[in-house]
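One letter stands for each residue in the lines below.
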Amino acid sequence: MIDVAVVGGGPVGLFLAGLLLKAGATVRVYEQRLSRSSWSRAIGVHPPSLSALAELDLAEPLTAAGIRVRRGVAFSGNRQLASLDFGALDHPYPYILAVPQTATEQLLMSKTHAFDDAALQDGVQVTGVALGERSATLSLEASGCAHTARARWVVFADGAASHSSNRPGMHSRHKTYAKHFVMGDFADDDALGQDALLYLERAGIVESFPLPKKQRRWVIRVPLPQAAPSSDVIAKLVSHRTGLRLDPQTCTMTSGFTPHRAFVSTMASGCALVIGDAAHEISPIGGQGMNLGWLDGAHLAPLLLKSLTGRDIAADLAGFSTERLLAARRAALQAELNMTLGAPFPGPVLSARNLGIRLVGKTPAAATRIARRFSML
Ligand SMILES: Cc1cc2nc3c(=O)[nH]c(=O)nc-3n(C[C@H](O)[C@H](O)[C@H](O)COP(=O)(O)OP(=O)(O)OC[C@H]3O[C@@H](n4cnc5c(N)ncnc54)[C@H](O)[C@@H]3O)c2cc1C
């Protein structure tokens with residue numbers, strides 16, 4: 001019997017596994033994919049996550065692989081409205097790190113292998129879980145062969161597409177926002193520096209974030225869903241709204257998304273736990289989903305380790321679930337506010353919104369508070 005079985009080897013499952021392996025627990029991470037996509041969803045890593053990743057000695061190598069964003073600047077109609085100074089945050093990591101999720105996952109995988117090279121089981125799908133009083137039995141399928149595994153705890157970190165709603169005691173509620181975005185990564189000649197840039201324009205927001213390897217990610221609000229926007233379409237939207245020119249030939253990735261929101265009713269039921277996107281999916285606008293999942297892992301690992309010494313953690317797990325779902329709801333509200341502020345607005349509403357942003361930017365206490373909210377402090 002293993003101590004902890006983790007379903008899903010995304011960034012959240014790998015991070016939890018790292019913490020448990022470091023403390024000497026026996027862990028298996030079952031990941032259905034054999035190879036990972038080169039498409040990066042998350043790019044923003046926030047200061048509390050860097051502190052959590054430091055527990056695995058990963059804050060420094062990850063920072064070395066990314067860009068430290070120390071300032072966010074909002075514009076409208078070619079005029080600067082306000083800026084947020086992340087560099088002035090009172091924290092050991094006073095920046096938001098921009099690094100592709102693919103690079104983050106590679107580092108987490110290497111760490112898992114370094115602790116125990118049998119811990120990450122790629123190409124193994126969990127097809128069912130039977131929960132007992134004090135252990136769980138997992139049905140597994142790999143290369144057409146079925147087998148089982150028993151674990152004291154099972155942690156579902158199987159992402160937003162998982163079936164948490166079918167799990168006993170973990171019903172989830174879903175909502176799809178009527179808001180749509182396209183995004184693309186384009187070459188960057190450094191002319192825009194290393195700030196995060198928000199263009200709050202009449203037709204809707206354009207966001208731009210620096211990436212390593214002289215690239216920038218552009219995220220644009222659009223009126224209708226577009227599953228596969230072309231690089232030309234994205235370059236035209238950016239040019240039309242901001243006047244900035246992107247070279248479509250340098251685009252390495254495009255995609256479109258319609259944000260969702262989903263929360264389970266509880267993250268702990270018997271010997272089953274659910275963390276990350278499987279527990280709480282929030283809009284990517286604000287860039288906090290993966291970070292929330294890591295902080296779930298940072299809270300959960302010491303509790304699981306405590307239980308492995310024979311102590312009862314039922315009350316701790318109830319507190320864990322309440323606290324982490326509250327944090328996720330707060331992050332979801334923040335993302336909803338971001339989406340509302342970035343909506344297309346007619347002239348008078350646009351002027352009122354811009355005035356509000358300018359006033360907040362000129363009030364140091366308010367600007368610091370917002371910089372802390374954006375960086376999850
Ligand atoms: C466009 C976009 C931009 C984003 N930007 C940011 C950002 O800047 N910052 C941020 O914090 N977040 C961001 N996010 C959110 C972030 O990508 C997710 O929160 C994060 O990937 C969740 O990690 P996870 O490990 O919980 O789930 P996932 O990354 O979805 O991983 C789940 C894993 O479980 C595996 N799995 C599923 N079912 C099974 C099974 N039955 N058996 C075995 N394996 C299974 C899957 O193959 C997958 O590898 C963004 C999301 C999008 C869409």
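What counts, and at which threshold
Residues take numbers from 1 onward in each chain, read along the sequence in its written order. Whole-chain, interface and lining totals are the exception, using all residues; otherwise, since this is a predicted model, local features are given only for residues with pLDDT of at least 70 and side-chain atom pairs are given and counted only at 80 or more. Only heavy atoms go into the side-chain values, all of them from the structure, while hydrogens and water stay out. Strands are runs of DSSP state E lasting at least two residues, helices are runs of H or I lasting at least four, and both sets are numbered from the N terminus onward. Relative accessibility decides the category of a residue: with a 1.4 Å probe and only protein chains considered, values under 20% of the type maximum give buried, values over 50% give exposed, and everything between is partly exposed. N or O atoms within 3.5 Å of each other form a polar contact, as long as, within protein, one can give a hydrogen and the other can take it, and as long as residues adjacent in sequence are counted only when both atoms are side-chain atoms. In what follows, a contact means two residues having at least one pair of non-hydrogen atoms within 4.5 Å. The rule for pairing is simple: two strands pair if DSSP sees at least two bridges between them. The axes used here are C-alpha line fits, helices contributing only the stretch in contact, and every angle between their N-to-C directions lies in the interval 0 to 180 degrees. Annotation comment: domain bounds sourced from an automatic or database domain assignment. Summed over both partners, the accessible area (1.4 Å probe) lost when two parts come together is defined as the buried area. A pairing counts as a salt bridge when a side-chain nitrogen of Lys or Arg comes within 4 Å of a carboxyl oxygen of Asp or Glu. Any angle that is under 35 degrees is reported as roughly parallel, and any over 145 degrees as roughly antiparallel; angles of 65 to 115 degrees are reported as roughly perpendicular and all others as oblique. Crossings are classed by handedness, with left-handed meaning an anticlockwise turn of the near helix from the far one by less than a right angle and right-handed meaning a clockwise turn. By convention in this text, a residue qualifies as near a molecule or strand provided that one of its non-hydrogen atoms is within 4 Å of it. Charged means Asp, Glu, Lys or Arg here, nonpolar means Ala, Val, Leu, Ile, Met, Phe, Trp, Tyr, Cys or Pro, and polar covers whatever is left, Gly included.

1. What about the side chain of Ser 208?
With respect to the helices and strands, the residue Ser 208 is situated in strand β15 (residues 204-211). A relative accessible area of 0% means that Ser 208 is categorised as buried. There is a polar contact of 2.8 Å between the side chain of Ser 208 and the side chain of Arg 216. Residues within four places of Ser 208 in sequence aside, it is in contact with Asp 195, Ala 196, Leu 197, Arg 216, Arg 217 and Trp 218.

2. Re the sheet that holds strand β6 (residues 79-85)
With mixed pairing, seven strands are arranged side by side in an open sheet as β6-β5-β14-β15-β16-β13-β17. One side of each edge strand has no neighbouring strand; the edge strands of this open sheet are β6 and β17 (253-257). Recorded for the sheet is a direction-independent mean angle of 15° between the axes of neighbouring strands. In the packing of helix α5 (residues 231-242) onto the sheet, the strands contacted are β13 (180-187), β14 (196-201), β15, β16 (215-222) and β17, and the crossing angle to β16 comes to about 80°.

3. Quick notes on the domain arrangement of the chain
Assigned domains of the chain: these are domain 1 (2-43 + 100-176 + 260-340) and domain 2 (180-259 + 352-374). Measuring from the centre of the C-alpha atoms in domain 1 to the corresponding centre in domain 2 gives 30 Å. Tallying the contact residues gives 15 residues for domain 1 and 16 residues for domain 2. Together, the buried faces of domain 1 and domain 2 total about 1,300 Å²; carbon and sulfur atoms form 61% of this surface. Contact with domain 2 buries area across many residues of domain 1, yet Trp 39, Ile 43 and Ile 285 alone supply 37% of it, more than any other trio. Counting across the domain 1 and domain 2 interface gives zero salt bridges.

4. A few points about the side chain of Ser 49
Structurally, Ser 49 is set in helix α2 (residues 47-54). One polar contact links Ser 49 to Asn 291, side chain to side chain, over a distance of 2.6 Å. Setting aside anything within four residues of it in sequence, one finds Ser 49 in contact with Asn 291, Trp 294 and Leu 295.

5. Here we look at the packing of helix α1 (residues 11-22) against helix α6 (residues 289-308)
A packed helix pair is summarised by two numbers, namely the angle formed by the two axes and the spacing between the axes. Contact geometry of α1 with α6 gives a least axis separation of 9 Å together with a crossing angle of 30°. When the axis of α1 is compared with that of α6, the two are roughly parallel. Between α1 and α6 the crossing geometry is right-handed. For the pair α1 and α6, contact is made by Pro 11, Val 12, Phe 15, Leu 16, Leu 19 and Leu 20 and by Met 290, Gly 293, Trp 294, Gly 297, Ala 298, Leu 300, Ala 301, Leu 304 and Leu 305, respectively.

6. Re unusual backbone geometry
The phi angle at Asp 190 is positive, at roughly 75°, despite the residue not being glycine. Here Asp 190 shows up in the loop between β13 and β14. For Lys 214, which is not glycine, the phi torsion reads 50° and is therefore positive. Examined against the element boundaries, Lys 214 turns out to sit in the loop between β15 and β16.

7. Some words on the environment of Gly 319
Within the secondary structure layout, Gly 319 lies in helix α7 (residues 314-341). Separated by 182 residues in the primary sequence, Gly 319 and Thr 137 have C-alpha atoms spaced 26 Å apart.

8. Quick word on the packing of α2 against α6
Put simply, α2 and α6 touch, their axes get as near as 10 Å, and they point 45° apart. Relative to α6, the element α2 is oriented oblique. As α2 runs across α6, the sense of the crossing is left-handed. Side by side, α2 and α6 meet where Pro 48, Ser 49, Ala 52 and Leu 53 of the first sit next to Asn 291, Trp 294, Leu 295 and Ala 298 of the second.

9. Concerning the site of the ligand
Taken together, the neighbourhood of the ligand is formed by 30 residues, with Glu 31, Arg 33, Arg 41, Asp 277 and Asn 291 sitting nearest. Here an oxygen atom of the ligand and a side-chain polar atom of Arg 41 are 2.7 Å apart. In this structure, Gly 44 approaches the ligand through a main-chain N or O atom, which is 2.9 Å from an oxygen atom. Elements with a contribution of two residues or more to the shell around the ligand: α1, β2 (27-31), β9 (125-131) and α6. Looking at the shell around the ligand element by element, the count peaks at three residues for α6. Residue composition of the shell around the ligand, by class: 13 nonpolar, twelve polar and five charged.

10. Considering the pairing of β13
Two faces make up the sheet, and in a regular strand the side chains alternate between them. Most of β13 sits inside the fold, with seven of its eight residues counted as buried. Pairing geometry for β13 and β16, over eight bridges, is antiparallel. Its bridge partner being in β16, Ala 187 is matched across the sheet by Gln 215. In this sheet, β17 lies alongside β13 in antiparallel orientation, the contact comprising five bridges. Each residue of the ladder has a partner; that of Met 183, found in β17, is Ser 255.

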